[in-house]
Amino acid sequence: MGSQRNISEFILLGLSYNQNIQIFCFVFFLFCYVSILVGNVLILVSIRCSALFYQPMYYFLGHLSFMDICYTSCVTPKLIGHLLLARKTISYGDCMLQVFSLHFLGMIEIFILTVMAFDRYAAICKPLHYLLIMNRARCNLLVLAAWAGGAIHSFSQFSMIFQLPFCGPNEINHYSCDIFPLLKVACTDTYITGVLVVANSGLVSLVTFVLLFGSYVVILFTLRHQSAEGRRKALSTCGSHITVVILFFGPSIFAYLRPPITFPEDKIFALFYTIIAPMFNPLIYTLRNTEMKSAMRKVWFQMIFSEEKHN
């Protein structure tokens, strides 16, 4: 533990040394972050202020939007700020907090996506028992289980990183504090720690992805026996969910299910699950969802007209 105090901060090398690229990235990621906040807040308010809140699918979607805001806020504001600085530093404490937060919130998001897949399976494959299976008490329990799973995962990851000695060098070839870049600068043999990280984060991502893929295969087989209208509606909601799953899990599996070494491409893949996926989630879930678009129009028109009446 004492050797950890030899380093008070880490230097983040960021995305690029080129000044023009950094300015472009600043504008682009600022736009992305504002889009994430606006899009997910729109979904949150629209669900909470409409009857959709009492439907399990939208109840979980609201939680997913909240997680998207929290998850990307662990990284994006600091990334945007660092793009304006020549020397990009992060304190040891903030770095450890970022590692814990990213794995805590990221794993909650993974579990919520899994719960959403289970909800679609129950709705399509067990329609007569759907309301009984997905009652509000069970929905709350599933969300609580997602938070508990995220806590267990992040504490296990954090405890491994927190015990590592950092005595120099302190340059991290990334735009944020992540486990594999930190293993590279630790002044001890980190092979076993790396294998444990792969076994934890990598296998969890892979097993969850396989389960999600399997559930949608079952759903697609079940849809053969439904009406054309039922198939269209189910495929619309399932298609949105599958797109989000691929956007989030593809880069995550690449990042963690491999030997514990770093690649230059890691930073690009990390952008997908920390910024790009949270930005596209609101669009994916609203553009093809008639119920969501109708609820958004109704809620926001009511808010605008009520404001005009008060004025």
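Nothing here was measured: the structure is a model prediction, and the numbers come from that model.

Procedures and definitions
Residues numbered from 1 in each chain as written. Predicted model: local features only at pLDDT ≥ 70, side-chain atom pairs only at ≥ 80, totals over all residues. Heavy atoms only, no water. Core = buried A, V, L, I, M, F, W, Y, C linked by side-chain atoms within 4.5 Å. Buried < 20%, exposed > 50% of the residue type's maximum accessible area, 1.4 Å probe, protein only. Helix = DSSP H or I, 4+ residues; strand = E, 2+ residues; numbered from the N terminus. Contact = heavy atoms within 4.5 Å. Pairing = 2+ DSSP bridges. Axes fitted to C-alpha atoms, helices over the stretch in contact; angles between N-to-C directions. Patch = residues over 30% accessible without salt bridge, like charges linked within 9 Å, V, L, I, M, F, W, Y side chains within 5 Å. Areas by Shrake-Rupley, 256 points an atom, 1.4 Å probe, with all protein chains shown as cover. Salt bridge = Lys/Arg side-chain N within 4 Å of Asp/Glu carboxyl O. Expected span 1.5 Å × (residues − 1). Polar contact = N/O pair within 3.5 Å; in protein donor to acceptor, adjacent residues only side chain to side chain. Disulfide = S-S within 2.5 Å.

What follows covers the nonpolar core. One finds Phe10, Phe29, Leu61, Phe166 and Leu182 to be the most contacted residues of the largest nonpolar core, which totals 88 residues. Counting residues per element, this core draws most heavily on helix α4 (residues 92-125), at 19 residues. Excluding residues within four positions of it along the chain, Phe10 makes contact with Lys88, Thr89, Ile90, Tyr92, Cys95, Phe166, Asn170, Ile172, Leu182 and Val185.

Attention now goes to the sheet that holds strand β3 (residues 171-172). A sheet is described by the order of its strands in space; here three strands give the open sequence β2-β1-β3, paired in mixed fashion. The sheet terminates laterally at β2 (89-91) and β3, the two strands that pair on one side only. Relative to β3, strand β1 (residues 9-12) runs parallel, the two sharing two bridges. Across the sheet, residue Leu12 finds its bridge partner in β3, namely Ile172. Against the sheet, α4 touches β1 and β2, its axis set at about 85 degrees to β2.

With that settled, consider a nonpolar patch on the surface. A cluster of nonpolar side chains, Tyr191, Ile192, Val195 and Leu196, forms an exposed patch at the surface whose accessible area comes to about 410 Å². Along the polypeptide, Val195 turns up in helix α8 (residues 191-222). A relative accessible area of 37% places Val195 in the partly exposed class.

Moving on: helix α1 (residues 19-48). For α1, built from 30 residues, the straight-helix expectation of 44 Å at 1.5 Å per residue is met to within 8% by its first-to-last C-alpha distance of 43 Å. Residues of α1 that are buried include every one of Gln22, Cys25, Phe29, Cys32, Tyr33, Ile36, Gly39, Asn40, Ile43, Ser46 and Ile47, and no others. For α1, the N-terminal cap is Asn18; the gap from its side-chain oxygen to the backbone nitrogen of Asn20 is 2.9 Å.

Attention shifts here to the state of the cysteines. When the sulfur atoms of two cysteines share a covalent bond, that bond is a disulfide. Enumeration over the complete set of coordinates arrives at two disulfides. Put simply, Cys95 and Cys177 are joined by a disulfide, and their sulfur atoms are 2.0 Å apart. Negative torsions about the S-S bond denote left-handed disulfides, and the value of about -120 degrees found for Cys95 with Cys177 makes this one left-handed. Residue Cys95 is located in helix α4, and its partner Cys177 is located in the loop between β3 and α7 (179-185); the two are separated by 82 residues in the primary sequence. On the accessibility criterion, Cys95 (0% relative accessible area) is buried. In this model, Cys167 is linked to Cys187 through a disulfide, with the two sulfur atoms separated by 2.0 Å. Remark: Cys187 occurs in the loop between α7 and α8 and Cys167 occurs in the loop between α6 (136-162) and β3; sequence separation between them is 20 residues. Overall, Cys187 belongs to the partly exposed group, its relative accessible area being 32%. Once the bonded cysteines of the protein chain are numbered in order along the sequence, the disulfide links fall as 1-3, 2-4. No disulfide involves Cys74; its nearest neighbouring cysteine sulfur is the one of Cys70, lying 7.4 Å away.

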